[in-house]
Amino acid sequence: MNANLPQPSGETPVSPRTDRGRVMRAFNLSLAFVLVLVAVFTAQDYFDWRPWAVAPLEKAGLLGILGAPLLHGSLQHLAANSFALLILGTLAGSVYPKATVRAFPLLWIGSGLGAWLLGDIGSRHLGASGITHGLMFLVFVLGLLRRDRPAIATGLIAFLFYGSMLITILPHEPGVSWQSHMGGAFAGIISALLFRLSDPMAPRKRYSWEDEEDEADAFEARRDDDLEPPSPTRVPVLWQPREGQDFVVLPFRRPDER
């Protein structure tokens, strides 16, 4: 087994009720974040949001790294990111709760840094799409690294819904911040490499035919032990020399002594 992979926890298998609890917890946290985005979008008409957007290569624009994911340019923009956050956030948070919590700050900062470093001077970048790309790449890469059944299933579901994010990290449409997408994607990959061991792998299901194979191997091992000759100390001595006649001296003469 690869030593770099997280080992099975050895704990009692998680019950379906516990699984549902983890899914609901991850969904509720994702929904709470979406509600925060909705509240901020509703309030954008009442304050100057431009200082909180990422302004590439401007010192004052660094403040946008903290505030840009909370801002959105339109209702369609908000809706697209909200659905992605609900789906990807629930997937990541239910299967990798510890890794997701530790990776989220990196995804937030990585998406803003990507826009700040790669964006055009004079432009403004805002939106949570960099975080959604980070979540997608986090889940997908963790599936490739861990390769257990929940990880593979989660990666496939994420790819089924948002596999197009593999393309949107490159320039493809005017007005879309591919720079923040790329920054979030790189942050997701780095987070997957850093936190792949944060959540233990679920105990692997054991099938009846595996028990039969183990029993056959054990039988073969016992049979080999029975056929192996015993140690010299365990071999009984069948011949005992008579006392006083342990050795016999045979004379040896050279041919010229005859």
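Residues numbered from 1 in each chain as written. Predicted model: local features only at pLDDT ≥ 70, side-chain atom pairs only at ≥ 80, totals over all residues. Heavy atoms only, no water.

Thoughts on a nonpolar patch on the surface
- A cluster of nonpolar side chains, Leu57, Ile109, Leu113, Leu117, Leu118 and Ile121, forms an exposed patch at the surface whose accessible area comes to about 560 Å².
- Assignment of secondary structure puts Leu113 in helix H4 (residues 97–118). (Patch = residues over 30% accessible without salt bridge, like charges linked within 9 Å, V, L, I, M, F, W, Y side chains within 5 Å. Areas by Shrake-Rupley, 256 points an atom, 1.4 Å probe, with all protein chains shown as cover. Salt bridge = Lys/Arg side-chain N within 4 Å of Asp/Glu carboxyl O. Helix = DSSP H or I, 4+ residues; strand = E, 2+ residues; numbered from the N terminus.)

What to know about the packing of H4 against helix H5 (residues 129–146)
- Taken N-terminus to C-terminus, the directions of H4 and H5 make an angle of 135°; their axes are 9 Å apart at the nearest point. Considering the angle they form, H4 stands oblique to H5. For H4 against H5, the interelement crossing comes out right-handed. Of the residues in H5, those in contact with Thr100, Ala103, Phe104, Leu107, Trp108 and Ser111 of H4 are Gly130, Ile131, Gly134, Leu135 and Leu138.
- Here the contact of H4 with H5 is composed, by residue class, of seven nonpolar, four polar and no charged. (Axes fitted to C-alpha atoms, helices over the stretch in contact; angles between N-to-C directions. Parallel < 35°, antiparallel > 145°, perpendicular 65-115°, else oblique. Left-handed = near helix turned anticlockwise from the far one by under 90°. Contact = heavy atoms within 4.5 Å. Nonpolar A, V, L, I, M, F, W, Y, C, P; charged D, E, K, R; others polar.)

Re the packing of H4 against helix H7 (residues 178–195)
- Where H4 meets H7, the closest approach of the two axes is 7 Å, and the angle between their N-to-C directions is 145°. Two packed elements cross with a definite hand, and for H4 against H7 that hand is right-handed. Where H4 approaches H7, its residues Ala99, Arg102, Ala103, Leu106, Leu107, Gly110, Ser111, Gly114, Ala115 and Leu118 are matched on the opposing element by Trp178, Gln179, Ser180, Met182, Gly183, Gly184, Ala187, Gly188, Ser191, Leu194 and Phe195.
- A breakdown of the residues in the contact of H4 with H7 according to their chemical character gives 11 nonpolar, nine polar and one charged.

Structural notes on the pattern of salt bridges
- This structure, assessed with the given rule, holds two salt bridges.
- Of the charged contacts in the structure, one is a salt bridge between Asp48 and Arg50, with a shortest N-O distance of 3.2 Å.
- With relative accessibility at 52%, the residue Arg50 sits in the exposed group.
- Note that Asp148 is salt-bridged to Arg146, the shortest N-O span being 3.9 Å. A single burial state applies to Asp148 and to Arg146, both of which are buried. (Buried < 20%, exposed > 50% of the residue type's maximum accessible area, 1.4 Å probe, protein only.)

Quick look at unusual backbone geometry
- One non-glycine residue, Leu57, adopts positive backbone phi at about 60°.
- Along the polypeptide, Leu57 turns up in the loop between helix H1 (16–43) and helix H2 (64–67).
- By relative accessible area, Leu57 is classed as partly exposed at 46%.

Remarks on helix H6 (residues 149–162)
- A rise of 1.5 Å per residue sets the reference length of H6, with its 14 residues, at 20 Å; its end C-alpha atoms lie 20 Å apart and thus fit the reference within 8%.
- Buried residues belonging to H6 abut helix H3 (75–95) and H5. (Expected span 1.5 Å × (residues − 1).)

Regarding the environment of His72
- On the secondary structure map, His72 appears in the loop between H2 and H3.
- Put simply, His72 and Ala128 are 56 residues apart on the chain and 7.8 Å apart in space, counted from C-alpha to C-alpha.
- If we ignore the near neighbours within four places in the chain, the residues touching His72 are Leu37, Phe41, Gln44, His77, Leu78, Asn81, Leu126, Gly127 and Ala128.
- Side-chain polar atoms of His72 contact the side chain of Asn81, separated by 3.1 Å.
- A polar atom in the side chain of His72 sits 3.4 Å from the backbone nitrogen of Ala128. (Polar contact = N/O pair within 3.5 Å; in protein donor to acceptor, adjacent residues only side chain to side chain.)

Here we look at the environment of Ala43
- If you trace the backbone, Ala43 turns up in helix H1.
- Taking the C-alpha atoms as reference, Ala43 lies 9.8 Å from Leu71; in sequence the two are 28 residues apart.

Regarding the environment of Ser30
- Its location among the elements puts Ser30 in helix H1.
- Counting along the chain gives 63 residues from Ser30 to Gly93, while the straight-line C-alpha distance between them is 8.6 Å.
- Ignoring any residue separated from it by four or fewer positions in sequence, one finds Ser30 in contact with Leu85, Leu86, Gly89 and Thr90.

Here we look at the confidence of the model for the protein
- Averaged over every residue, the pLDDT of the protein is 83; the share at 70 or more is 71%.
- Of all the helices and strands in the protein, helix H8 (residues 208–227) carries the lowest mean pLDDT, 62, while H7 carries the highest, 96.
- In the model, residues 7–14 has pLDDT below 50 throughout and makes 11 contacts with residues more than four positions away in sequence or in other chains. (pLDDT = per-residue confidence, 0-100.)

Things to note about the nonpolar core
- Judged by nonpolar contacts, the single largest core of 25 residues is most densely connected at Leu85, Leu88 and Leu135.
- Breaking this core down by element, the ones donating at least two residues are H1, H3, H4, H5, H6 and H7.
- Sort the elements by how many residues they give to this core and H3 lands first, with seven residues.
- For Leu85, the contacting residues outside a window of four places in its chain are Ser30, Phe33, Val34, Leu37, Thr90, Ala128, Ile131, Thr132 and Leu135.
- Core analysis: the second largest hydrophobic core is formed by nine residues, Ala99, Val141, Leu142 and Ala192 among them. (Core = buried A, V, L, I, M, F, W, Y, C linked by side-chain atoms within 4.5 Å.)

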